[in-house]
Amino acid sequence: MAVEQTLSIIKPDATARNITGKIINLFEEGGLRVVAQKRLRLSKEQAEGFYAVHKERPFYNDLVSFMMSGPVVVQVLEGENAILRNREIMGNTNPDEADPGTIRKLFAENIERNSVHGSDAPETAATEIAFFFDPSEIVG
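Just so you know, these numbers come straight off a predicted model, no measurement behind them.

Asker: Tell me what's going on with the overall build of the chain, and back it up with residues and numbers.
Answerer: On a plain count of helices and strands, the chain comes out with seven helices and four strands. Shown N-terminal to C-terminal, the secondary structure of the chain runs as helices and strands in the order β-α-α-β-α-α-β-α-α-β-α. For the chain, the C-alpha radius of gyration of 14 Å lies close to 14 Å, the compact-globule estimate for 140 residues. By the burial criterion, 46% of the 140 residues in the chain qualify as buried. Within the chain, contacts between residues separated by at least 24 positions form 77% of all contacts whose residues are at least 6 apart in sequence.

This is the structure:
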C-alpha cells in the first residue's frame, strides 16, 4: 500500500453547525492524519476556480454560492491509500445511500449540503492540494 495525500474540505453547512472537530476526529480515527489545515471563506473567484470542472453542469452556480456562504476548513489528509480511505469515511454523496457511521450519513443535511468534499483520484488530489496549499504549509 502507498502513503498518499488527499484534499478534504469541511463545507459551510458543517462549519455553521460547529461540527468540524467531530468530522476531523472521524478522519483521524479512520487512520488519516491532518498534515495541513486552514479555515477560510472562499471568494467568488476561488469557488468558481475550484469547481470549474463543473461549470457546464446545472448545479454549478448553486454550488459556488453555497461554498461561499460561510467558512470552510480545507485540509490535507495523509495515510495509506488516503484517497480511497477518505472517500470511505465520507460515505456516498447522497446521505440517504451512505453507510452507517460515515460522515455524510451522520452529518449531511441533504445531497447538496453534504458536509464534506474529498479528492477522487491522485491527479485530482495533487491539483486540489496545490489550489489551496503551498508545499511549505504541508507538514508531515
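Here the narrative resumes.
Asker: So, the sheet that holds strand E4 (residues 116–118): which residues are in play, and what are the values?
Answerer: Sheet architecture is open: four strands sit in the order E2-E3-E1-E4, paired in antiparallel fashion. Looking at strand neighbours, the two that pair on one side only are strand E2 (33–40) and E4, the edges of this open sheet. With direction set aside, neighbouring strand axes in the sheet form an average angle of 20°. Alignment of E2 against strand E3 (residues 72–80), held across seven bridges, turns out to be antiparallel. Note that in E3 the partner of Arg39 across the bridge is Val73. Relative to strand E1 (residues 3–10), helix H7 (residues 122–132) is tilted by about 55°, and along the sheet it contacts E1, E2, E3 and E4.

Asker: Give a description of the packing of aromatic side chains that names residues and reports values.
Answerer: Tallied over the full model, the rule gives four aromatic pairs. Centroid distance Phe50 to Phe131: 5.4 Å. Interplanar angle 65°. Geometry classified as edge-to-face. Of this pair, Phe50 sits in helix H3 (residues 44–50) while Phe131 sits in helix H7; the two residues are 81 residues apart in sequence, bridging distant segments of the chain. Phe50 sits in the buried class, given a relative accessible area of 10%. The exposure class of Phe131 is partly exposed, given its relative accessible area of 37%. Ring centres of Phe131 and Phe132 lie 4.9 Å apart, and the angle between their planes is 70°; on these two criteria the pair is classed as edge-to-face. Phe132 sits in the buried class, given a relative accessible area of 7%. One aromatic cluster is present, built from ring pairs that chain together Phe50, Tyr51, Phe131 and Phe132.

How each quantity is defined
Residues numbered from 1 in each chain as written. Predicted model: local features only at pLDDT ≥ 70, side-chain atom pairs only at ≥ 80, totals over all residues. Heavy atoms only, no water. Helix = DSSP H or I, 4+ residues; strand = E, 2+ residues; numbered from the N terminus. Rg over C-alpha atoms; globule rule 2.2 N^0.38 Å. Buried < 20%, exposed > 50% of the residue type's maximum accessible area, 1.4 Å probe, protein only. Contact = heavy atoms within 4.5 Å. Pairing = 2+ DSSP bridges. Axes fitted to C-alpha atoms, helices over the stretch in contact; angles between N-to-C directions. Phe/Tyr/Trp six-rings, centres within 6.5 Å; stacked < 30°, edge-to-face > 60°.

All we've got here are geometric facts, nothing functional implied.
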